[in-house]
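Read off the chains here:
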Amino acid sequence: MSDRTEKDQSGIAYGFGRHRGLLVDRNGIEEIVYGRVLLYLEKPDTDLIRGLAPRLSGVIVEEPVTPYAPEARALWSLPIPVLTGVRVDDSWLGHEVIVDFDAATTAPPPSAATELRLHAEVSSLAEAHEAGHLADGWSPLRAEDLRALPASERAELWHFFAESGRPLPAVRYFDEPAGGPPAASFGRRGVRVLLPDAIDYFRTVVAESPDDNPLVVLPMVSVRAEIAAFAAATGARWRLGLDIATPAAALGVADLVEGCHLLHVSTGDLAQHILVWDRTVRNDLLLPPDRLPPVVTQLVEWSASVAAARSIPCRVAVDLRPSPQLHEQLVTAGVREISCPAPLIRHWRHLLDRAQ
C-alpha cells in the first residue's frame, strides 16, 4: 500500500505506509538540524508532536492508546501518522531506519470486487425467515441473542440454518457479562468475560450448533494476548474468527490473523471509536447515513488487503442505508462480502441487481 496521509472533512487524520528516517527520542530531536525524523515516545504527547510535526515523518508511541482514552481524539487529529502500542529496541535510536506503519507487513492492493455477497445478521427465527431467501449466507450469531431466545426457538433456528443450503453461521462470544452493566462502561477492551460460568454457558450455546467444527468469533480483540487467553480458557477447542472493531485492531490486523478463519470488520464500531461520537446521536457530517467516513474506508481497505494476502475470508459489517456511493466505496476497497441487519438485505439485493 502506498504512503499517504489523508484528512477527512471532520478533521480526523489517518496515515499509513513506509516511513524512512533517523529514529530519535524526544531528548534527541533538538540535536537534528535538518531532515525529517521518526520520533519515538514512551507516552503520547500531542502538544510535542504537533509542535514538531514539520520535522517528523511519523511517530511511534510505546504505550497503547484506546479510543476511550482522553488523548485518543487528539492523536487521530494530528497531521502525521502515529502508531501506538509499539516497542522499539533502544539500539535503533540514532540510526536510519524504515518503519512500516502497516504493522511490519506489506500486502498487494486489493483487486476491485466484481460483486458483493450478502450475509444476513439475524437474532431470531422471524428475521431468518425474512432474509433467508435473499441472503447468500449468515453473519456470526451473537451469543447474547441466542441466550435471550427460548430453547425451542433456538432449536428451530439452528434447524432453519441447517436446511437453508448455506454454511452454518459462526457464533460470536459475549460482548458483556450476563445481567451486568456493559463492560464498555469500565473502559475495557477485548474479550471481556472469561469467567468459568460464562465460558460454560457459551459451550452450551455452541454445542447446540449442528456444525461439527464450529467457528467462534472473538469480539473487540486488539492484541494477540487476548486470543491466547481465550484459547487457554476454552482448551483451544474451536476454530477462531476475529471481530475488527477498534482502530488498534484494524491497524494491527496483520499481527492478529495468524490461525484466524474469518475477519469480521465492524464498520459501525470503527466509526464510533475513531470519530469519538455516540452513534445514537445523529451527525450527518461525522457519520453519514449512506456512506462510510474516509478514515473507516481506509481501515476497511487495509483489513481486506491483509485478508486477501493471507487467503482469509473477510466480511465487512455495514448497517448504513444502501446507496450507490456506499456500494462503490466497498467495491473499490476490495470488499467481496458484507453483512447487514436482516431488514436491509432486500434493499441491498435490489441495489446489486440494478448494478449488474
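Up top is the structure.
Residues numbered from 1 in each chain as written. Predicted model: local features only at pLDDT ≥ 70, side-chain atom pairs only at ≥ 80, totals over all residues. Heavy atoms only, no water.

**Re the sheet that holds strand E15 (residues 314-317)**
Applied cut-off: Strand pairing is assigned whenever DSSP detects at least two bridges linking the two strands. Each helix is a run of DSSP H or I of at least 4 residues and each strand a run of E of at least 2, with the numbering of both proceeding from the N terminus.
If you trace the nine strands from one edge of the open sheet to the other, you get E9-E8-E16-E15-E14-E13-E12-E11-E10, paired in parallel fashion. Each of the sheet's edge strands pairs with one partner strand only, and the pair in question is strand E9 (137-138) and strand E10 (141-142). Two strands pair when backbone bridges link them, and strand E14 (residues 263-266) and E15 are joined in this way by four bridges, in the parallel orientation. Counted as the bridge partner of His264 is Arg315 from E15.

**Here's the deal with the nonpolar core**
Stated precisely, the cut-off is as follows: Note on terminology: a nonpolar core comprises buried Ala, Val, Leu, Ile, Met, Phe, Trp, Tyr and Cys residues joined through side-chain atoms within 4.5 Å. Buried means the residue's accessible area, taken with a 1.4 Å probe over protein chains only, is under 20% of the maximum for its type, while exposed means over 50%, and partly exposed covers the values in between. Pairs of residues are marked as contacts when any of their non-hydrogen atoms sit within 4.5 Å.
Counting residues in each nonpolar core, the largest one holds 77 residues, and the members touching the most others are Phe202, Leu218, Leu242, Leu263, Leu330 and Trp348. In terms of residue count, helix H11 (residues 294-310) provides more of this core than any other element does, seven residues in total. Beyond its immediate chain neighbours, meaning those up to four positions away, Leu242 contacts Val217, Leu218, Val221, Ile227, Leu256, Val257, Cys260, Leu262, Leu263 and His264. Formed by 17 residues, the second largest nonpolar core is a distinct cluster that contains Leu52, Val59, Leu75 and Leu78.

**Describing the pattern of salt bridges**
To keep things clear, this is the line we draw: Throughout this description, the term salt bridge denotes a Lys or Arg side-chain nitrogen within 4 Å of a carboxyl oxygen of Asp or Glu.
Per the counting criterion, the structure on display carries 11 salt bridges. Notably, a salt bridge pairs Asp45 with Arg26, separated by 3.1 Å at the nearest N-O pair. Of this pair, Asp45 sits in the loop between strand E4 (37-41) and helix H1 (46-52) while Arg26 sits in the loop between strand E3 (18-25) and E4; the two residues are 19 residues apart in sequence, bridging distant segments of the chain. Under the relative-accessibility criterion, Arg26 is labelled partly exposed at 42%. Here Asp243 makes a salt bridge to Arg172, at a shortest N to O gap of 3.4 Å. Of this pair, Asp243 sits in strand E13 (residues 239-244) while Arg172 sits in strand E11 (residues 171-172); the two residues are 71 residues apart in sequence, bridging distant segments of the chain. By the burial criterion, Asp243 is buried, and Arg172 matches it. Connected through salt bridges with shared partners, the residues Asp290, Arg291 and Arg321 form a single ionic network.

Distances and angles like these do not, on their own, reveal function.
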